[in-house]
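Residue-level listing of the chains:
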Amino acid sequence: MYLAQAAADMGKKTLLVDANFRNPSLHKKFGLDNVQGLSNLISQDVSSQSLLIQASPLQKNLFVLTSGKILPSSTR
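For clarity, every value in this text was computed on a predicted model and none was experimentally measured. (Residues numbered from 1 in each chain as written. Predicted model: local features only at pLDDT ≥ 70, side-chain atom pairs only at ≥ 80, totals over all residues. Heavy atoms only, no water.)

Enquirer: Any details on the overall build of the protein chain? Residues and values, ideally.
Expert: On a plain count of helices and strands, the protein chain comes out with 4 helices and 3 strands. Start at the N end of the protein chain and walk to the C end: the helices and strands fall as α-β-α-α-α-β-β. For the protein chain, buried positions account for 38% of its 76 residues. Looking at the protein chain alone, contacts between residues at least 24 apart form 59% of all its contacts between residues at least 6 apart. With the model as given, the accessible surface of the protein chain reaches about 5,100 Å², and the carbon-plus-sulfur share is 54%. The average position of the 8 basic charges and that of the 4 acidic charges among the side chains of the protein chain differ by 5 Å. (Helix = DSSP H or I, 4+ residues; strand = E, 2+ residues; numbered from the N terminus. Buried < 20%, exposed > 50% of the residue type's maximum accessible area, 1.4 Å probe, protein only. Contact = heavy atoms within 4.5 Å. Areas by Shrake-Rupley, 256 points an atom, 1.4 Å probe, with all protein chains shown as cover. Lys, Arg positive; Asp, Glu negative; His and termini not counted. Charge placed at Lys NZ, Arg CZ, Asp CG, Glu CD.)

Enquirer: Now, about the sheet that holds strand β1 (residues 14–17): what can you tell me, with residues and values included?
Expert: Overall, mixed pairing links the 3 strands, which are arranged β1-β3-β2 in an open sheet. The strands lining the two open edges of the sheet, one partner per strand, are β1 and β2 (53–56). Each adjacent strand pair in this sheet contributes to an overall mean axis angle of 40°, direction not counted. Sheet analysis places β1 next to strand β3 (residues 59–65), joined by 4 bridges and oriented parallel. Each bridged residue has a counterpart across the sheet, and for L15 the counterpart in β3 is F63. (Pairing = 2+ DSSP bridges. Axes fitted to C-alpha atoms, helices over the stretch in contact; angles between N-to-C directions.)

Enquirer: Residue-level account of the side chain of H27, with values.
Expert: Mapping H27 onto the fold places it in helix α2 (residues 26–30). The residues contacting H27, other than those within four sequence positions of it, are D18, L32, D33, N34 and T66.

Enquirer: Quick rundown of the environment of N40? Include the residues and the values.
Expert: Relative to the assigned elements, N40 resides in helix α3 (residues 38–43). With 22 residues separating them in the primary sequence, N40 and D18 have C-alpha atoms 13 Å apart. When sequence neighbours within four positions are dropped, the list of residues in contact with N40 reads V35, V46, L51, G68 and K69.

Enquirer: An account of the pairing of β2 is needed here, citing residue identities and associated values.
Expert: As paired strands, β2 and β3 are joined by 3 bridges and run antiparallel to one another. Following the sheet pairing, I53 is matched in β3 by V64. Following β2, the chain reverses through 2 residues before pairing antiparallel with β3.

Below, the structure is given as C-alpha cells:
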C-alpha cells in the first residue's frame, strides 16, 4: 500500500489490487466499500473501468480495485 502511494505521489498512475479473496482488507485501509471488485471482474461480464475507485481526492494517480464479494468457490 505504501509503495503504491509513493508511486502515485511521484506522478505515476498506479493501480492497487486486492486479490485476497479469503480475507480482503485493502478496502478497510482506504475506507472503501467492497461491494464490487476483482471477483466481479472474474465471474461476470463487467468493465474493469467501472470497478476502479480513486483512493482519495488528494491522490489523483492512485486507484484501487477491491476484491469484491467472496466467490462461492473460495474456501475459508
